[in-house]
Structure formats: C-alpha cells, structure tokens
Amino acid sequence: MNKKLHYYVTGMTGIFVLLSFFLILKVNAEQTVTINIYKGWNIISSPFEESLTLSKIAQQCNLTTYNGKIWDWTYDPANGWTQPTEVSKNEGVYILSQENCTVTLTGTPATFSSRTLQRGWNLISTEKSFEEIKGDCQMPSGYKIWALNPQTQQWFNPAPTNKLDQGKGYWLPVENNCTLSIKSPIVPKKITPSKNSVL
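Residues numbered from 1 in each chain as written. Predicted model: local features only at pLDDT ≥ 70, side-chain atom pairs only at ≥ 80, totals over all residues. Heavy atoms only, no water.

Participant: Provide a residue-level description of the pattern of salt bridges, including the pertinent values.
Facilitator: Under the criterion given, the structure shown has 2 salt bridges. The partner of Lys-89 in a salt bridge is Glu-49, with the nearest N and O atoms 2.9 Å apart. You can see Lys-89 sitting in the loop between β8 (86-87) and β9 (93-97) and its partner Glu-49 sitting in the loop between β2 (40-44) and β3 (52-53), a full 40 residues away along the chain. By relative accessible area, which is 12% here, Lys-89 ends up buried. In this structure Glu-49 comes out as partly exposed when scored by relative accessible area, which is 36%. In this structure, the salt-bridge partner of Glu-132 is Lys-163, at a minimum N-O distance of 2.7 Å. Here Glu-132, found in helix α3 (residues 130-133), pairs with Lys-163, found in the loop between β14 (154-156) and β15 (170-174); they are 31 residues apart in sequence, far enough to count as distant. Owing to a relative accessible area of 27%, Glu-132 belongs among the partly exposed residues under this scheme. (Salt bridge = Lys/Arg side-chain N within 4 Å of Asp/Glu carboxyl O. Helix = DSSP H or I, 4+ residues; strand = E, 2+ residues; numbered from the N terminus. Buried < 20%, exposed > 50% of the residue type's maximum accessible area, 1.4 Å probe, protein only.)

Participant: Describe the pairing of strand β16 (residues 178-181), and please don't skip the residues or the numbers.
Facilitator: The two faces of β16 differ: Cys-178 and Leu-180 on one face are buried, but Thr-179 and Ser-181 on the other face are not. Sheet analysis places strand β11 (residues 114-117) next to β16, joined by 4 bridges and oriented antiparallel. Its bridge partner lying in β16, Leu-117 is registered against Cys-178. (Pairing = 2+ DSSP bridges.)

Participant: Can you lay out the layout of surface pockets for me, pointing to particular residues and giving the numbers?
Facilitator: In this structure, the largest pocket encloses a volume near 260 Å³. Considering the residues around the largest pocket, the lining is formed by 19 residues, among which Ile-35, Asn-36, Pro-150, Asp-165 and Lys-168 are closest to the centre. When contributions to the lining of the largest pocket are tallied by element, the ones reaching two or more residues are β1 (31-37), β2 and β13 (147-149). A per-element tally of the lining of the largest pocket places β1 first, with 5 residues. Here the residues of the lining of the largest pocket are counted per class, giving 10 nonpolar, 7 polar and 2 charged. The wall of the second largest pocket is formed by Leu-54, Ser-55, Tyr-66, Asn-67, Lys-69, Ile-70, Trp-71, Asp-72, Gln-83, Pro-84 and Thr-85. A class-by-class count of the residues in the lining of the second largest pocket yields 5 nonpolar, 4 polar and 2 charged. (1 Å grid on protein atoms, 1.4 Å probe; cavity = no way out; pocket = protein on both sides within 12 Å on 5 of 7 lines; lining within 4 Å. Points joined across faces, edges and corners; volume = space filled by probe spheres on them. Nonpolar A, V, L, I, M, F, W, Y, C, P; charged D, E, K, R; others polar.)

Participant: Could you give me a rundown of the packing of aromatic side chains, with the residues and numbers involved?
Facilitator: Taken as a whole and assessed by the stated rule, the structure comprises 10 aromatic pairs. Judged by centre distance (5.9 Å) and plane angle (80°), the ring pair of Trp-41 and Tyr-94 falls under edge-to-face. Remark: Tyr-94 occurs in strand β9 and Trp-41 occurs in strand β2; sequence separation between them is 53 residues. Its relative accessible area of 28% is what places Trp-41 among the partly exposed residues. Seen from their ring centres, Tyr-75 and Trp-171 are 5.8 Å apart, and the 45° between their planes marks the pair as tilted. Within this pair, whereas Tyr-75 is found in strand β6 (residues 72-76), its partner Trp-171 is found in strand β15, the two being separated by 96 residues in sequence. Judged by its relative accessible area of 10%, Trp-171 falls in the buried class. (Phe/Tyr/Trp six-rings, centres within 6.5 Å; stacked < 30°, edge-to-face > 60°.)

Participant: Quick rundown of the state of the cysteines? Include the residues and the values.
Facilitator: Throughout the structure, instances matching the rule amount to 2 disulfides. The disulfide partner of Cys-61 is Cys-101, and the gap between their sulfur atoms is 1.8 Å. Handedness of the Cys-61-Cys-101 disulfide follows from its S-S torsion of about 110°: it is right-handed. Within this pair, whereas Cys-61 is found in the loop between α2 (54-58) and β4 (65-66), its partner Cys-101 is found in strand β10 (residues 101-107), the two being separated by 40 residues in sequence. The exposure class assigned to Cys-61 is buried, which follows from its relative accessible area of 5%. Owing to a relative accessible area of 10%, Cys-101 belongs among the buried residues under this scheme. At a sulfur-sulfur separation of 2.1 Å, the disulfide partner of Cys-137 is Cys-178. (Disulfide = S-S within 2.5 Å.)

Participant: Hey, could you go over the side chain of Asp-72 for me, with residue numbers and the actual values?
Facilitator: Summarising the element assignment, Asp-72 is placed in strand β6. The side chain of Asp-72 is buried and forms no salt bridge, while Lys-69, the nearest opposite charge, is found at 9.0 Å. When neighbours within four sequence positions are excluded, Asp-72 is seen to be in contact with Leu-54, Thr-82, Gln-83, Pro-84, Val-93, Tyr-94 and Ile-95. (Lys, Arg positive; Asp, Glu negative; His and termini not counted. Contact = heavy atoms within 4.5 Å.)

Written out as structure tokens, the structure is:
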C-alpha cells in the first residue's frame with residue numbers, strides 16, 4: 001500500500017474510532033425518566049440538564065389550556081406570576097392536568113450547580129437536600145420548605161436534610177437576595193512538623 005494512503009486510512013480509522021467513543025459516552029450519559037402526572041395541579045421541573053418544553057408533556061398528557069396555550073404558572077419575587085413555555089432544571093412550574101398520566105422523557109440527568117434567588121418566596125428544584133445547597137441564603141426563623149403532593153392535592157414539608165426530587169418544584173422562603181450553591185468540602189490544613197517537634 002502507498003505510504004501516504006496508509007497514513008490517510010490509519011488516520012481516518014482513528015478519527016472514526018474516536019467519534020464512536022464520544023458518541024457512546026453521550027448515549028450512555030442520557031437516561032430515560034418517567035414522570036407521574038396526576039389529575040389536578042402538579043409542580044414539575046426538568047429532570048435534565050436541558051430545559052423541558054411543556055409541549056412535550058402535553059403530547060403525552062391532557063393538560064388544561066386557555067386561549068390555545070397550556071395553563072401553566074411559575075413565580076419569582078422579581079417578576080411575579082408568569083407563564084413560561086419551558087422549565088429549567090432549577091425551577092418549578094405549575095401545570096393543570098385533566099387526567100392521571102405518565103410522561104416518558106430522555107435526556108442528560110440534571111446536576112445542581114447554583115441558582116440565584118430574590119428575597120421572598122421562590123420556586124426551586126434540585127436533586128440534593130436544601131442543606132447541601134444553602135449557599136449564602138438566610139432563612140426566616142422556623143422556615144419550612146413546601147411541596148405539593150399531586151395525588152392528594154395536599155401540601156407537606158420535606159425536611160431540609162432530605163434529598164429532593166429533581167422532577168418536582170418546591171417553595172422556599174429567603175430573607176435576602178442570595179445564591180444557592182453547593183458547599184465546598186472542608187480541606188484539612190497541611191501541618192508541617194517543625195524541627196523541634198517530637199515524633
């Protein structure tokens with residue numbers, strides 16, 4: 001075989017193998033998630049790194065609409081109540097379903113990094129416990145996290161140390177404009193023995 005042709009074929013083979021490797025990694029990184037939606041109000045979030053368009057849920061569930069739009073709501077202290085067309089991994093959105101249904105979705109599982117909050121009530125979501133992501137947020141005395149059980153349409157209070165469900169939204173009150181973030185691990189200081197140390 002011509003030496004130049006040999007190098008070309010070898011190089012192209014290497015590129016193909018490398019591309020295949022990255023494709024396998026991407027496929028393996030994606031997961032299929034099932035979300036149970038119940039008749040009545042549900043507070044959902046995206047379980048993925050990617051934002052979840054509400055139209056994807058409407059394709060599998062009979063959601064309430066008004067004037068041709070999905071009847072959904074989200075809230076933050078800066079903008080009040082708004083109607084988004086999609087929900088990101090750190091947010092919560094109300095949707096109103098006409099039936100019990102199951103939504104199957106595929107994507108890259110969400111990992112919490114940070115979320116900026118405004119003073120007042122905020123709708124958040126995370127796969128971690130609140131204590132893990134408290135950041136510099138100051139909480140009211142005796143505060144509680146509020147969550148909606150869509151099966152019973154009743155409210156309950158997850159403990160701050162409990163792992164939360166990334167596919168759901170939670171109400172959280174804060175007393176300051178702050179940032180939820182993961183606590184940095186405490187790294188022990190390196191101690192160097194002095195010459196006079198007794199070992």
